[in-house]
Each structure stands twice: as C-alpha cells, then as structure tokens.
Amino acid sequence: MKNIWNFFKGTLVLTARGSTAYYCWVAGLIVLMVIGALTYLVQLNDGLIITNMRDQVSWGFYISNFTFLVGVAAAAVLLVIPAYVYNWKPIKEIALLGELLAVSAIVMCLLFVTVDIGRPDRFWHLIPFVGILNFPQSLLAWDVAVLNTYLVLNLTIAVYYLYNLYYRREPNKKFMTPLLLFSIPAAISIHTVTAFLYNGLGARPFWNASILAPRFLASAFCSGPAFMILVFLMIRRYTRFQIKDEAIQKIAELIAYAMFINLFLLGAEIFKEYYTGTIHLAPMQYLLQGLHGHSALVPWIWTAMLFNFSAFMIFLVPDTRRNNTTLVLGCVLIFIGVYIEKGMGLVIPGFVPDVLHEIYEYVPTGMEMALAIGIWATGLFVFTMLLRVAIPIMNGDFHVADDGVGFHIGDNMFFLRRADRDRLVADSDEEPATKSGKNV
Amino acid sequence: MSNKSQCDKHAFQQSRRKVLKGLAAGVGALALPAPNASASAWEAFFQKNFRELDRDELKQVLARLESEYSKEYGKDVTVKATLPIEGVKYGYGLDLSRCIGCRRCVYACVGENNQSREPQIHWIRVLQLNKEKGVALEYAEHYYNPEEVPVEGHFYMPVQCQQCENPPCTKVCPVQATWQENDGIVVVDYNWCIGCRYCMAACPYGARHFNWTKGKLPKEEMNPETHYLGNRPRPTGVVEKCTFCIQRTREQPGRYPACEEICPVGARKFGNLLDPKGEMRYLIENKRVFILKEDLNTQPKFFYFYAT
Ligand code: SF4
Ligand code: SF4
C-alpha cells in the first residue's frame, strides 16, 4: 500500500514538471476543458434543446464522435498483435503507448455518451443489480459492459507494467501475457458491439447492412494507428524516447491494407444500394448526392473519400510511406477522412430521411461543438498525463530512489526543443545506459 | 397483478437503496439533487423501476407525484396506476377512406395527454399522401397547410404508436424503462428512463418523442386525470409516446381514446382484439386491412383499412 502511495506521489510531482511548451499545451487543454464543462452546465440546466438534435435526428454530433473514438480505442490491438502474438520487438517497445491511447479514447467515449443522455442523474440505473442492465437483450447494455471491461483491462495492463518498471522490477509475464492476449478479442468486441448497436435496427436500412461491422473494423484499423504514428513521430522528435523506423513503417503498411479493405467494403455497399435502387437508397443518396435539395453532408463525405483514397496511395507506395513529410500528411488525411466517414457520415444518414421519410437537416450547434471540443481536450489531457509518466519510466528517467522510498526524476522537461533533444540523445548514445527492464 | 408478480423475483434487489446511498455519497456528481434538496427530490432519485415497486411503495410514489403535480398546476391531480384488464388486448383501426386530414385528433391528443405546448410534442402525425402514388411514405407531406381539407387528389394517413406486438423499441432499452403491458400497450416509466434515445432509433414509425427541454404546459389546460404510465406531466430528458389513452381505456367502464372520440368523420375505431364479436375483429375479418411496414415483423396492432 505504502509503495503505491509513494508511486502516486511521484507521478504527481512528475506531471507538475515540464518545459514551457508542456505547460502551454496543458494550460490550453485545461482552458478548453473548462469551456466544455461550462457548456455542459448550460445543457444540464436547459436540456438537450441547446443541441440541434430533434425527434427526427435523435442522435447527432456526440454519438458520432463516440462512434469514431470507439474505433480509435480498438485500434490499439494493431500494436499488440505484432508485438505479443508474433513477438516482434520493435513494436513491443511501443505497444504500451497504444494501450494508453486506448484508455484515453475510452474515457472520451464514456464522456460523449454521458453528455448525450437526457438523465445523467440516473446513470445508476445502468449498474447491474443496483439498477437494471438490460443484458443480454439491449446492445447498448452490451456496449456498456464491453467498453468498461476494455477500459479496466487496458488500465490494469498499463499501470501494472509501469508500476513495476518504476520499482525496477521485471513485470510478471504470467500476469501480463494473458491480459494482453485477452485485450485482442476485447478490442474487437468493443468495435463489433458498437457496430451491432446500429446494425440491429430494422427501422434504419442505412445501418441494417451486415457489412457494417467489418467496415467498422477496417476503418478503425486506419484511424487509430494513423493517430499513433503521429504521436510516435512527435515523441521521437520532442522527447528523449526513441522509436525505431521499422516499427512505424510496419504500422503504415498495415494501415494501407486496412484502408484497402475499407474502401472495398464501401464500394460494395454503394454498388448494392445504387444497383438495386430500392427506396432504401435514399439515405445513401442523401449522403453522397443530396436529397430533395438537402445536401449538408455531401461536401464532407467527398472530402473524406478524397482524403482516404489519397492516404491509401501514400501508404501503398513505399517511397511516400518512407518519407516523413508524406507519411505525416497521410496520417492526417486518414484521421480526418475516417473521422468524417465513421462519425457524422455514418450516424446522420441513419436518420435522414427519417422513418416517415421526413427530411430534417441536422447541423450541430456551436454549443454542441464547444462541448465536444471540451471532451476532446479532456481525452488529450488524459493522454498527455499518461505519456508524461510512461515515457520517463520507460526511458529510465523516473524510478524509485535508491532509498526505496523517494523517487528519482531525471527528466524535468518532457517536451524538448529539437536541438536540445538531439544533444541529449547524442550524449546518451556515447554511454549507453542500461535501461533496465525496458523490454518485457 | 401480472406485473407485480414479477417483483418477487427481484426481491434480492431490495437492498438496492442501501448500496446506492453509499454510491451516491461517493460520487457527488453535478447532476444529482442538491444537498439541500427536499426529501421528495431524493425519494424520486432513489425510486425503483415501476415494475419492481411493491404495493406500499407504489402507493407512496403515486401520493408523492400527486402532491407534486397538484402544487405545480394548482389543481387536484390524480395519478392512477390502474392495471391491465384481464382478457383484453387493445387494437386500433383507421379508415383511410374516411379520414379528411383535419388534425383534430392531433390536438385532442395533446389536450388529453398533457403534451408540451412549447416546444410542441405531437403523438399523432397526419401525412398527406397522393392518391396516384398510394401509400408511399416517400411522397408524404408532413406539414401540409391548405385553406381547406381534404385537398383534391390526396388522402390522409395518421400515424402514431402502432403498439407493436413485437416491439423493437422495448428490446433495445438498456435499462428496461419501456415495456409491453399485458393488454398490449407499450409504456415508458418516465422516472426510470435515462434518455439515451436508443428506442427512438429503433422505432420504425417515429412514434417516440423526446423531452428536449422542460415542456410548457399551461395550468388551465392541464388534464388532472392521469395515469403513471400515461399522461402525467413528463420530466425533462425522457422519452414519451402514445399509450392508447391508458388513463381512459383501462378504467371500468372504460372510455375511448381521445383521438377516437373527437374524429368528426368516424374514421377511427378502437376495441378489444380478443373479443370475437367485437368491432375490431369484424373489421379485420371483413375489410381490406393492412399494417404499416409489414416486412419488419413488428406486428402492429394498429390496422389501416378501407371501409368503402
Ligand atoms: S410503433 Fe414504435 S414506439 Fe410504438 S410499439 Fe412499435 S416500435 Fe414501439
Ligand atoms: S430513451 Fe429511455 S426508454 Fe428509450 S431506450 Fe433509452 S432509457 Fe429506454
């Protein structure tokens, strides 16, 4: 118990230290979080009327963000699989970072669901035995179950691993490996269940296609890893942590395959709807062409298609994949592209036209966006804090002091200027310190 | 007491309150009642699902609601929880050859069922359809507003909750806040619904409506004869829907739903589907009857027909 408390104290001190850039970044996030929280207070007071959701389009921007982020969270397995199933070392060193991303993404997911429900004061109705969780009938009940399991699972793995490194012990493989392996089906399940949540509704032909779950998975394996690559490149550039090129290359290659499958499945869906041309075509038309003069989503979805396709080409061609500039470009394009396609592009056409074929065109209000930005800021804040602790631990810059009680902090900056970083790395290369327990 | 008999099964959940009190104390979230809130706010917070209330608890809940509403609306409000009548399953018939699209039913419903006037919530939606196209919802006009109805070349189709025998809306609810009663009416416990709106996504008929904000219900227009599962005033952030006027139809002697009563051309029929000599059975057996979106297997108990 004492050890845990000491570790916790150490992390508090550690997260409070950093370079000016670190402080600015965190302060910026906190400002956005406060704005989001204030908006939420208004929403609690006035009700969801402050959004543009109405009976016709009863889920909107919040649930779109939720859906996208479930994908980002699930994508952590793309690192775990090569690392632990195939025992591939370069990725093993960074798989933990993927888990931290998963934790942050799930936190955002849960927040997005919370702000979307009309009666957050009744959250306890969802707790089994205390309230009534309608399991296994309701897919939403399944989602609550798998998302929370996934969150706890990833947190356990990450904290256990870091905690042991901090105390300069070898993490127990017998404990870690089963959990890591279990995280693979768990990740797939959060995504499949979320897809089924939409998929199982006969009332909404746009979602009621069996291709939905596979499409979900394929696009998740693009957006999550794309974000990871961006984070890796940043970490590599601005912190003392080093990440091997081959690891990043491998991930980029996997993204290319996933994107191919995603585009293929999308094509299959478009073909089916347009060629058969039943009345179920209407939502697809609304999305791609506009329907009866309503076309709010059209420019967005075509942007997404263009981005996804260009990114696919970038990742497919080895030259552009290996070039840092085009690699970054590809990742940004994919992230935005999938955000549009799997967010608003998936949720809104389910409601437009609505079940009685009324067209209500939904565009989120400023308040909805402010709240959503607040949640994104919260997620990034959580992720930053996790990285702030994890990276020095993995670098050997943060560990228990020699007396076994206090802590040693060797990294007071976290974000470094490029030149400083290069100097530091050069220094450490001369005397390769034994970074104990860096690899599991 | 068919619903009540289920509550024995859940006897183990009786300890729920205790667990919760500890939990709530630990959470102290924003949305909880303020620490100085009245005792009844806390009672409402800890209230169990309707189907798990025992007789005494139910009495208490109804009394609490009655006093709350009476105070708020300045009149004697009764909140009943009349149970389904044995051997009854309600069905509705709508004669498309008679309906003139006057929307009187829409407003009779609003008056009877205490819907919010601002923003407006309507449980009935009348669609104006083109005679040449037939029952094709893609061509429906929702907000038609001519000088006079019916408009040449058009016919009218009111849509409300179809009280599906196989309701997709209740299945998806994550907390069992909505269910089908033994007389076939699909109801919502407004004190249990968490407002996730999954049921709205699942309903193929647009029958469910959400309280996006605290609805306005003028005191003088408030109907004080209410049912717990029906027309009592609704809190913010929950879903509501047509209940075939549960507060009228379950009484003995019963009354017809308000929409049925008001219809000036007699296009609306209502009755017990289990009564072999009843009007509904006659209709189904002798008229050209259809149900909406038959392919979804929701099995509506709302039958459209052409009498002529
Ligand atoms: S019409 Fe909609 S709300 Fe009514 S029972 Fe059927 S699915 Fe449920
Ligand atoms: S909105 Fe209410 S009734 Fe509908 S599914 Fe959610 S909790 Fe159940």
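One can find the structure itself at the top, above this paragraph.
Reading guide: rules and limits
- Residues numbered from 1 in each chain as written.
- Chains lettered and ligands numbered in written order.
- Predicted model: local features only at pLDDT ≥ 70, side-chain atom pairs only at ≥ 80, totals over all residues.
- Heavy atoms only, no water.
- Helix = DSSP H or I, 4+ residues; strand = E, 2+ residues; numbered from the N terminus.
- Buried < 20%, exposed > 50% of the residue type's maximum accessible area, 1.4 Å probe, protein only.
- Contact = heavy atoms within 4.5 Å.
- Buried area = accessible area lost by both parts, 1.4 Å probe.
- Salt bridge = Lys/Arg side-chain N within 4 Å of Asp/Glu carboxyl O.
- Polar contact = N/O pair within 3.5 Å; in protein donor to acceptor, adjacent residues only side chain to side chain.
- Phe/Tyr/Trp six-rings, centres within 6.5 Å; stacked < 30°, edge-to-face > 60°.

Caption draft 1: Inspection of the environment of F351 of chain A at higher detail. Residues and elements named next belong to chain A. With respect to the helices and strands, F351 occurs in the loop between α14 (344–347) and α15 (366–395). On the basis of relative accessible area, F351 is assigned to the buried category, the value being 0%. Once the C-alpha coordinates of F351 and S58 are considered, the two residues, 293 residues apart in sequence, prove to be 7.7 Å apart.

Caption draft 2: Main features of the interface of chain A and chain B. Chain A puts 48 residues into the contact, and the matching count from chain B is 56 residues. Carbon and sulfur atoms make up 63% of the area that chain A and chain B hide from each other, which totals about 4400 Å². The three residues of chain A that bury the most area against chain B are W124, I132 and L356 of chain A, which together make up 17% of that side's buried surface. There are two salt bridges connecting chain A and chain B. Between the two partners, chain A and chain B, sit 28 residue pairs in polar contact (both at pLDDT 80 or more). When residues of the side of chain A that touches chain B are traced back to their parent elements, those giving at least two are α2 (20–46) and α6 (139–166) of chain A. In terms of residue count, α2 of chain A provides more of the side of chain A that touches chain B than any other element does, four residues in total.

Caption draft 3: Geometry of the packing of aromatic side chains. The tally for this structure, following the rule as stated, stands at 47 aromatic pairs over all chains. Their ring planes at 55° and their centres at 6.1 Å tell us that W124 of chain A and F45 of chain B sit as a pair that is tilted. Here W124 of chain A, found in the loop between α5 (89–116) and α6, pairs with F45 of chain B, found in helix α3 (residues 39–46), and the two come from separate chains. Accessibility classification places W124 of chain A together with F45 of chain B in one group, the buried group. Relative to F244 of chain B, the ring of Y92 of chain B has its centre 5.5 Å away and its plane inclined at 40°; by these criteria the two rings are tilted. Linking Y92 of chain B in strand β2 (residues 90–95) with F244 of chain B in the loop between β9 (239–240) and α8 (246–249), this pair joins segments that are 152 residues apart in sequence. Relative accessible area serves as the criterion here: at 0%, Y92 of chain B is assigned to the buried category.

Caption draft 4: Structural context of the pattern of salt bridges. Enumeration according to the criterion identifies 24 salt bridges over all chains in this entry. Across the salt bridge formed by E165 of chain B and K89 of chain B, the nearest N and O atoms sit 2.8 Å from each other. Here E165 of chain B, found in the loop between β4 (154–159) and α6 (168–172), pairs with K89 of chain B, found in the loop between β1 (78–80) and β2; they are 76 residues apart in sequence, far enough to count as distant. R234 of chain B is paired through a salt bridge with E240 of chain B; the nearest N and O atoms lie 2.9 Å apart. Judged by relative accessible area, R234 of chain B falls into the buried class, the value being 6%. Connected via shared salt-bridge partners are R215, E269, E341 and K342 of chain A.

Caption draft 5: View of unusual backbone geometry. Residue and element names in this part refer to chain B. For the bond from E118 to P119, the omega torsion is -5°, close enough to zero to count as cis. Relative to the assigned elements, P119 resides in the loop between α5 (104–113) and β3 (125–130). Going from Q252 to P253, the amide bond is cis rather than trans, its omega being 0°. Position of P253 among the secondary structure elements: in the loop between α8 and α9 (258–262).

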